[in-house]
Amino acid sequence: MSDDDFRAGVISAAEELVRERLGADATGHDWFHADRVRRTALRIAREEGADLFVVELTALLHDIADYKFSGSEEAGPQLAQAWLIGKNVDAETAEAVAHIIRHLSYKGAGVADVPLSLEGQCVQDADRLDAIGAIGVGRAFAYGGWDKRLMHDPDVPPTMHADVAAYRAAKGTTVNHFYEKLLLLKDRINTKAGARIAEHRHQVLSDFLDEFLAEWDAKD
Ligand code: ADP
Ligand code: NI
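A brief structural summary. (Residues numbered from 1 in each chain as written. Chains lettered and ligands numbered in written order. Predicted model: local features only at pLDDT ≥ 70, side-chain atom pairs only at ≥ 80, totals over all residues. Heavy atoms only, no water.)

**Brief notes about a negative patch on the surface**
At step 1: A cluster of acidic side chains, namely Asp207, Asp210, Glu211, Glu215 and Asp220, defines a negative patch on the protein surface.
At step 2: Within the secondary structure layout, Asp220 lies in the segment after helix H11 (192-216).
At step 3: Asp220 gets classed as exposed once you look at its relative accessible area, which sits at 65%. (Patch = residues over 30% accessible without salt bridge, like charges linked within 9 Å, V, L, I, M, F, W, Y side chains within 5 Å. Areas by Shrake-Rupley, 256 points an atom, 1.4 Å probe, with all protein chains shown as cover. Salt bridge = Lys/Arg side-chain N within 4 Å of Asp/Glu carboxyl O. Lys, Arg positive; Asp, Glu negative; His and termini not counted. Charge placed at Lys NZ, Arg CZ, Asp CG, Glu CD. Helix = DSSP H or I, 4+ residues; strand = E, 2+ residues; numbered from the N terminus. Buried < 20%, exposed > 50% of the residue type's maximum accessible area, 1.4 Å probe, protein only.)

**Remarks on the pattern of salt bridges**
At step 1: Under the counting rule described, the total for this entry stands at 14 salt bridges.
At step 2: The salt bridge involving Arg149 is made with Asp147; its shortest N-O contact spans 2.8 Å.
At step 3: The class for Asp147 is buried, based on a relative accessible area of 18%.
At step 4: Beyond isolated ion pairs, a larger network of salt bridges with shared partners links Glu15, Asp35, Arg38, Arg39 and Glu56.

**Comments concerning the environment of Leu182**
At step 1: Here Leu182 lies in the loop between helix H10 (174-180) and H11.
At step 2: Residue Leu182 is classed as buried on the basis of its relative accessible area of 2%.
At step 3: Each C-alpha atom of the pair Leu182 and Val137 lies 9.1 Å from the other, and the pair is 45 residues apart in sequence.
At step 4: Beyond its immediate sequence surroundings of up to four residues, Leu182 is in contact with Ala131, Ile132, Ala140, His177 and Leu205. (Contact = heavy atoms within 4.5 Å.)

**Structural notes on the coordination of the nickel ion (ligand 2)**
Six octahedrally arranged donors around a metal ideally form angles of 90 or 180 degrees; four tetrahedrally arranged donors ideally form angles of 109.5 degrees.
At step 1: Here the nickel ion (ligand 2) is held by the protein donor atoms His33 (NE2), His62 (NE2), Asp63 (OD) and Asp127 (OD), which lie 2.2 Å from it.
At step 2: Mapping the donors of the nickel ion (ligand 2) onto the primary sequence yields the spacing H-x28-H-D-x63-D. You can see His33 sitting in helix H2 (residues 31-48) and its partner Asp63 sitting in the loop between helix H3 (52-61) and helix H4 (67-70), a full 30 residues away along the chain. Both residues of the pair, His33 and Asp63, count as buried. (Donors = N, O, S within 2.8 Å, 3.2 Å for Na, K, Ca; no water.)

**With respect to the nonpolar core**
At step 1: The biggest cluster of nonpolar side chains holds 55 residues, and the ones touching the most others in it are Val18, Val55, Leu57, Leu61, Leu84, Phe178 and Leu182.
At step 2: Apart from residues no more than four positions distant in its own chain, Leu57 is found in contact with Val10, Ile11, Ala14, Leu84 and Val97. (Core = buried A, V, L, I, M, F, W, Y, C linked by side-chain atoms within 4.5 Å.)

**Details of the packing of helix H5 (residues 75-86) against helix H6 (residues 91-102)**
At step 1: Running from N to C, H5 and H6 cross one another at 160°; their axes reach a closest spacing of 8 Å. Between H5 and H6, the angle falls in the class roughly antiparallel. Our pair here, H5 against H6, has a crossing hand that is right-handed. For the pair formed by H5 and H6, the contact residues are Gly76, Pro77, Ala80, Gln81, Leu84 and Ile85 on the first element and Ala91, Ala94, Glu95, Val97, Ala98, Ile101 and Arg102 on the second.
At step 2: The residue makeup of the contact of H5 with H6, split by class, is nine nonpolar, two polar and two charged. (Axes fitted to C-alpha atoms, helices over the stretch in contact; angles between N-to-C directions. Parallel < 35°, antiparallel > 145°, perpendicular 65-115°, else oblique. Left-handed = near helix turned anticlockwise from the far one by under 90°. Nonpolar A, V, L, I, M, F, W, Y, C, P; charged D, E, K, R; others polar.)

**Things to note about the packing of H2 against H11**
At step 1: Where H2 meets H11, the closest approach of the two axes is 8 Å, and the angle between their N-to-C directions is 135°. Our classification of the angle between H2 and H11 gives oblique. Contact residues: H2 offers Arg43, Ile44, Glu47 and Glu48, while H11 offers Lys192, Ala193, Gly194, Arg196 and Ile197.
At step 2: Residues belonging to the contact of H2 with H11 are distributed by class as follows: three nonpolar, one polar and five charged.

Listed below in structure tokens is the structure:
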């Protein structure tokens, strides 16, 4: 079997695994999130000259056992690594993918990101880009509804979180999620290609919020 055929086989097996595990999840981690992140990550990776196999695999597998639902930081990276080894992917690639998944997620306004490989930077950018723009607005309200959160509470000023424990324990409104995370993401994009896409998506997010708050106060 050629290298290309081997890789294509691993990618389609990964697609199947992700469809099976995430399916129609209502929290923003459905199959289509993984697929969008894969497509955006590859778009960035081509421009940045990153390894496309590592990028595509990591993007597909990055949410197979999200912390919020598994309660463990290690479940996702370990599952991905063991699954890749089981598919005869070399140990170095499996480790590289697991390392990126382990350090991918945003952990609060006051928590610095762990520096990632170029491949990790492409996937992290794509994951963050899927949380902003029109799709980001949609995902935030879908998540908020799933978690029974209020859309907005004008009596509570915007709250940011200095550490990961406070960030994860917070039960704020969906509008607060814009302040604690979504509006901050454009300054946490790693690559030039990602930053270019983020600029427009950030504007969409910020225009949406202005409009939402104007309507809330009947000032539109
Ligand atoms: P990702 O998988 O993109 O790294 P998360 O796991 O943090 O992001 O969240 C998945 C989706 O749910 C994102 O679009 C995110 O904005 C949204 N989300 C997460 N936490 C909240 C929240 N507290 N309120 C509203 N939306 C949220
Ligand atoms: Ni994600």
